[in-house]
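Examining the three-dimensional arrangement
Spelled out, the chains give:
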Amino acid sequence: MTIKDAVEGKRILIWGYGREGKSSEHYLKEYCNCASIEIYEGAIDGINEEKYDLILKSPGIVMDGDRPKYSSQTELFLGQYRNQVIGITGTKGKSTTSAMTAHVLRDCTGKNVILLGNIGLPCMDYCSDITEDTIIVFEMSCHQLKHTKVSPHISVFLNLFEEHLDYYKTMEAYFTAKSHIAAYQTGEDYYFCGENVPDFKTDAQKTVIDKSGISENELMIFGEHNQLNAKFVRTIAEKVFGCKKEDVTESLKSFTGLPHRLQSVGEFAGIKWYDDSISTIPEAAISALESIPDIHTILIGGMDRGISYEILENYMKSHKEFLYICMYETGKRIADEIGSLDNMIVTGDLYEAIEKAVELTPKGSGCVMSPAAASYGYFKNFEERGEKFCEKIKML
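Throughout what follows, the structure given in this document is the object of discussion.

With seven of nine residues buried, helix α3 (residues 73-81) is to be regarded as a mostly interior element. Residues of α3 that are buried include every one of Q73, T74, E75, L76, F77, L78 and Y81, and no others.

Let us look at helix α14 (residues 382-393). Spanning twelve residues, α14 covers 17 Å between terminal C-alpha atoms, matching the ideal 16 Å at 1.5 Å per step. By the burial criterion, the buried members of α14 are F382, R385, G386, F389, C390 and I393. The buried residues of α14 all sit within an arc of 130° when viewed along its axis, so they share a single face. Where the residues of α14 are buried, they touch β11 (263-268), β12 (271-275), β13 (295-300), α13 (350-360) and β16 (366-369). For α14, the capping residue at the N-terminal end is N381, with a side-chain oxygen 3.2 Å from the backbone nitrogen of E383.

Here the focus is the packing of helix α10 (residues 282-291) against helix α11 (residues 310-318). Interhelical geometry of α10 versus α11 gives an angle of 30° and a closest axis separation of 8 Å. Our classification of the angle between α10 and α11 gives roughly parallel. You can see that α10 and α11 cross each other, and the crossing is left-handed. In this structure, α10 uses P282, E283, A285, I286, L289 and E290 to contact α11, whose residues at the interface are I311, L312 and Y315. The residue makeup of the contact of α10 with α11, split by class, is seven nonpolar, no polar and two charged.

On to empty space enclosed by the protein, then. The gaps of empty space that remain are located by a probe, the size of a water molecule, rolled over the atoms. Using the criterion set out here, one finds one cavity of 30 Å³ or more in the structure. Computed from the structure, the largest cavity encloses a volume of approximately 60 Å³. What lines the largest cavity is simply E20, K57, S58, P59, S71, S72, T74, H143, Q144, H147 and T148. The residue inventory of the lining of the largest cavity, partitioned by class, reads one nonpolar, eight polar and two charged.

With that out of the way, let us pick up the pattern of salt bridges. Within this structure, the stated rule accounts for 17 salt bridges. For D189, the salt bridge goes to R82, with nearest N and O atoms at 2.7 Å. Taken together, the residues D189 in the loop between α7 (171-183) and β9 (190-194) and R82 in the loop between α3 and β5 (85-89) connect sequence positions 107 residues apart. Assessed through its relative accessible area of 1%, D189 is described here as buried. Residues participating in the shared-partner salt-bridge network are E218, E250 and K253.

The next subject is the sheet that holds strand β3 (residues 54-57). Taken together, the four strands give an open sheet; going across it, the order is β2-β1-β3-β4, and neighbouring strands pair in parallel fashion. If you trace the sheet from one side to the other, it starts and ends with β2 (36-40) and β4 (70-71), each paired once. Relative to β3, strand β1 (residues 11-15) runs parallel, the two sharing four bridges. Each residue of the ladder has a partner; that of W15, found in β3, is K57. On the sheet, helix α2 (residues 19-31) packs against β1, β2 and β3 and is oriented at approximately 160° with respect to β1.

On strand β14 (residues 323-326), burial covers both faces: L323 and I325 on one face and Y324 and C326 on the other are all buried. Strand direction decides the pairing type here: β13 and β14, joined by four bridges, are parallel. Each residue of the ladder has a partner; that of I298, found in β14, is Y324. For the handedness criterion, the β-α-β arrangement of β13, α11 and β14 is classed as right-handed.

Criteria and cut-off values
- Residues numbered from 1 in each chain as written.
- Predicted model: local features only at pLDDT ≥ 70, side-chain atom pairs only at ≥ 80, totals over all residues.
- Heavy atoms only, no water.
- Buried < 20%, exposed > 50% of the residue type's maximum accessible area, 1.4 Å probe, protein only.
- Helix = DSSP H or I, 4+ residues; strand = E, 2+ residues; numbered from the N terminus.
- Expected span 1.5 Å × (residues − 1).
- Arc of directions from axis to C-beta.
- Contact = heavy atoms within 4.5 Å.
- Polar contact = N/O pair within 3.5 Å; in protein donor to acceptor, adjacent residues only side chain to side chain.
- Axes fitted to C-alpha atoms, helices over the stretch in contact; angles between N-to-C directions.
- Parallel < 35°, antiparallel > 145°, perpendicular 65-115°, else oblique.
- Left-handed = near helix turned anticlockwise from the far one by under 90°.
- Nonpolar A, V, L, I, M, F, W, Y, C, P; charged D, E, K, R; others polar.
- 1 Å grid on protein atoms, 1.4 Å probe; cavity = no way out; pocket = protein on both sides within 12 Å on 5 of 7 lines; lining within 4 Å.
- Points joined across faces, edges and corners; volume = space filled by probe spheres on them.
- Salt bridge = Lys/Arg side-chain N within 4 Å of Asp/Glu carboxyl O.
- Pairing = 2+ DSSP bridges.
- Right-handed = clockwise from strand over helix to strand, strands pointing away.

As structure tokens, then:
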């Protein structure tokens, strides 16, 4: 069903007026014939559901359970375009994999490829650019998926780690939200998942992507995890779109990655600096240490969302070749839980951590900011955290 058909003659409430809410309002007023369109930003208790035929909820708003009148921009978009969509989710790596997928398919199919969703602008902003042969790469967050009852034709579930428990409370609820990326697929659809993604019911043709052969990919970006991301992209390009192996190989070689994801910033004060501000879980910080050559120092810490840091703490205890500079709320918590460690120090904020890194990192070696924690409360988002980090070190 098209978006226009889904909203024709209906009384619409847009719940939440951030970037997606404004996008929905613009599209509905410009292209659709709704009976009425209203905006609301308060709590759910303030919504008189009888006044509306359809309520479009913004992704960041918490709502327990499903209610018949509630939908979203994502669900309406998939209702019209799902046969053209490659939906990509996962705790880590979805932005890089989405960008890499779009890059390779542009190079190897000759078709118009649009990259949208959590990585860029809201999906409705692109509707006027979509034709019948357009390939849509849609980075999908757990919040976008939670109340969505339509799955894309090609779905990718990269991995699952502990995350967003401040929102979902339990891992089961978090996983259930993400599983919607494939839960409503049919036997005509494709589902690609990582080895650590639990099984759930889907009718799609399922392919599990493991780590075998990933070193064969020649990439410009660091990390075994990016080699695995490239294997997802290669499999989709060759299996679903019939791209030639040699063409995919050449395209992967030219992909330069995204900002704030193991990004080399340059050498300042005799130290090689790396920005991995996207890192919000313990596994990401460990991956950074194992991916970057000549690394000596890591800056860890941010907002505490209550997730377990046991895996990182155990790593820190057993890998004394690195210097761990702990900052903010999570950094202090990690230090308290570990106790005494000769190669760990605690600082207040990012700027103090950088100063300590300059003082204690040997010249010629590297320092990475890979916080393993959210940026909220200290920065607007992980992008701002990364930008502030880069600004500071370029002034050294």
